[in-house]
Number of protein chains: 2
Amino acid sequence: MSAKFPRRVKIVEVGARDGLQNEPGDVVATSIKLELIRRLEQAGLSYIEAASFVSPKWVPQMGDAAEVIGGIEPKPGVTYAALTPNLKGLEGALEAGVKEVAIFGAASESFSQKNINCSVAESLNRFEAVMERAKAADVRVRGYVSTVMGCPYEGEIAPQKVAEVADIMYQMGCYEISLGDTIGVGTPLKAKRMLEAVSGKIPMPQLAAHFHDTYGQALPNLLAVLEEGLAVVDSSVAGLGGCPYAKGASGNVATEDVVYMLHGMEIETGIDLPKLISAGNYIMDQLGRETRSKVARALG
Amino acid sequence: MSAKFPRRVKIVEVGARDGLQNEPGDVVATSIKLELIRRLEQAGLSYIEAASFVSPKWVPQMGDAAEVIGGIEPKPGVTYAALTPNLKGLEGALEAGVKEVAIFGAASESFSQKNINCSVAESLNRFEAVMERAKAADVRVRGYVSTVMGCPYEGEIAPQKVAEVADIMYQMGCYEISLGDTIGVGTPLKAKRMLEAVSGKIPMPQLAAHFHDTYGQALPNLLAVLEEGLAVVDSSVAGLGGCPYAKGASGNVATEDVVYMLHGMEIETGIDLPKLISAGNYIMDQLGRETRSKVARALG
């Protein structure tokens, strides 16, 4: 392995949003979400995706987004972010006091068409208004690109296509681009090639990896991109949102397992692993489910 | 990543032995074991660890070792191996017609003392007779070294200690040394350092990785050693022997997940992944358990 490994990695904790949003079953109480967020802060997480401002009709689990954001007692140095897929969502988020938001683009035309019924270019155009309003409100915008290593409808995605979409979002003003292997089909060589294409256009410090573990490949794929110098990783405490027995589950990689690997490689995260495990166990107890973190199982 | 990745990797399939031996519950019928072995052959596995010649009093699951070996219809080009921890086991294996055996050493003094009540050096001395008899019978011996990245009793294990024990077994005549992360605590940097120490004494083509997934680190650890040129990997179909909810489970990495990663990296294995998944699903159906392979779950 080369010497390019970062000394420190920033973890973007997506469990409270991406995770809970993709868990089946009852809507989780706002108080439980807030307690989870508090425990994540205490474990040393500095970036917590906390809510999504979307239609409660489509995503009932995120129906309390304003209450969650309003209920957080912000800790200095911690970023609390919300997903805002459109201007209406952004207005709601701003009203609730959000300081950072995220938007979603796809690298796959078929995925974009099937999911939001428009082309990739059209979907990006629609974000112009969101970007403008966010800029006016002095709120930073993080950009997600989905299906960067494969699409459920068209299969392989060319690294250049990923780079193109990522670059458009970066040029639109997203300060960081998170590269999502939405269906978890990637492998290390593919991850490396995809990152090479993207980092040809966007500086490495502005890139993040959001790799799903659907095929068990998230950690080796992360290792491959860390080796190239990438230093921001999205993950989900307890593997929230990665229900292993649900078809089409999002398959989030567990933050505990990522942190264990990083610490074992002498890469700093600022995270206290036992406290993180305890935060994960808390939410899984509330959901009445087993943790999907192997580290939590081994040490718990 | 460097250009050292092997073009082809040999998979040593340990599910029928190491896997079943560590599954809780009833003894599996000989006919089921034989059907599993047949399906593994059909999936393209060229090396199948099939049985263990140990006391049925201690390991009832392996009590039919002679029947299993005797029941195999050998396919050309496939190696069927048995574990033979002592001379008595070896005699039984030879009688049953085994052509290749394996012995076990530990890199940790405490592990050796607690498990077999003697020092590492004593345990290796005891293998002298096994090696001699195997040589006389023209049977190849594979050597396992356990606890290469950590010990449940003494924690860290020095890479030099691993290299020392591995080298003794290699000098004794083992043609291949399999390096076992018995409790799955390793991380990629540790794996690389351990391999560097061992490959300073033993040529890389004579080394194998036997990494457990207890902490979810098996695939990244494998990626790290493959990058150094290692080209033999031990794994267990369906993750047999890795019951995620049993404390102290062996945590074998699933062959399906390893093969998915390798094929995605354009590394040949000679294995047909759908047939492998089907072999794994067969044995898990027989055991009445869910597969532990994420690839099998995603594609199954």
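Here's what I pulled together on the structure shown here. (Residues numbered from 1 in each chain as written. Chains lettered and ligands numbered in written order. Predicted model: local features only at pLDDT ≥ 70, side-chain atom pairs only at ≥ 80, totals over all residues. Heavy atoms only, no water.)

1. Notes on the interface of chain B and chain A
Next up, step 1: Each partner contributes to the interface: chain B provides 35 residues, whereas chain A provides 35 residues.
Next up, step 2: Both sides of the chain B and chain A interface together cover about 3200 Å² of buried area, and 59% of this is carbon and sulfur.
Next up, step 3: If you look at where chain B meets chain A, you find four salt bridges.
Next up, step 4: Linking chain B to chain A there are 10 residue pairs in polar contact (both at pLDDT 80 or more).
Next up, step 5: Sorting the residues of the side of chain B that touches chain A by element identifies helix 8 (188-199), helix 9 (218-226), helix 10 (255-264) and helix 12 (294-299) of chain B as the ones contributing at least two each.
Next up, step 6: Counting residues per element, the side of chain B that touches chain A draws most heavily on helix 12 of chain B, at five residues.
Next up, step 7: Of the residues assigned to the side of chain B that touches chain A, the class counts are 17 nonpolar, seven polar and 11 charged. (Contact = heavy atoms within 4.5 Å. Buried area = accessible area lost by both parts, 1.4 Å probe. Salt bridge = Lys/Arg side-chain N within 4 Å of Asp/Glu carboxyl O. Polar contact = N/O pair within 3.5 Å; in protein donor to acceptor, adjacent residues only side chain to side chain. Helix = DSSP H or I, 4+ residues; strand = E, 2+ residues; numbered from the N terminus. Nonpolar A, V, L, I, M, F, W, Y, C, P; charged D, E, K, R; others polar.)

2. Notes on the pairing of strand 6 (residues 176-181) of chain B
All names here are of chain B.
Next up, step 1: Most of strand 6 is tucked away, with six of its six residues classed as buried.
Next up, step 2: Of the two faces of strand 6, the one holding Glu-176, Ser-178 and Gly-180 and the one holding Ile-177, Leu-179 and Asp-181 are both buried throughout.
Next up, step 3: Note: strand 5 (residues 140-146) against strand 6, four bridges, orientation parallel. The partner of Gly-143 across the bridge, within strand 6, is Ile-177.
Next up, step 4: Since strand 5 and strand 6 lie parallel, the crossover through helix 7 (residues 159-172) that links them has a hand, and here it is right-handed.
Next up, step 5: The sheet contact formed by strand 6 and strand 7 (residues 207-211) spans five bridges and is parallel. Looking at the pairing, Asp-181 lines up with Phe-211 of strand 7.
Next up, step 6: Taken together, strand 6, helix 8 and strand 7 form a β-α-β motif whose crossover is right-handed. (Buried < 20%, exposed > 50% of the residue type's maximum accessible area, 1.4 Å probe, protein only. Pairing = 2+ DSSP bridges. Right-handed = clockwise from strand over helix to strand, strands pointing away.)

3. A closer look at the relation of the copies chain B and chain A
Next up, step 1: Overlay of chain B on chain A (RMSD 0.0 Å): rotation 180 degrees, translation along the axis 0.0 Å. What the rotation and shift describe, once combined, is the action of a two-fold rotation axis. Using C-alpha coordinates, one finds that chain B approaches the rotation axis most closely at Pro220(B), a distance of 2.1 Å.
Next up, step 2: In this assembly, 100% of the residues forming the interface of chain B have copies in chain A that are likewise at the interface, indicating an isologous arrangement. (Least-squares fit on C-alpha atoms with pLDDT ≥ 70 in both.)

The values are spatial; any link to function lies outside them.
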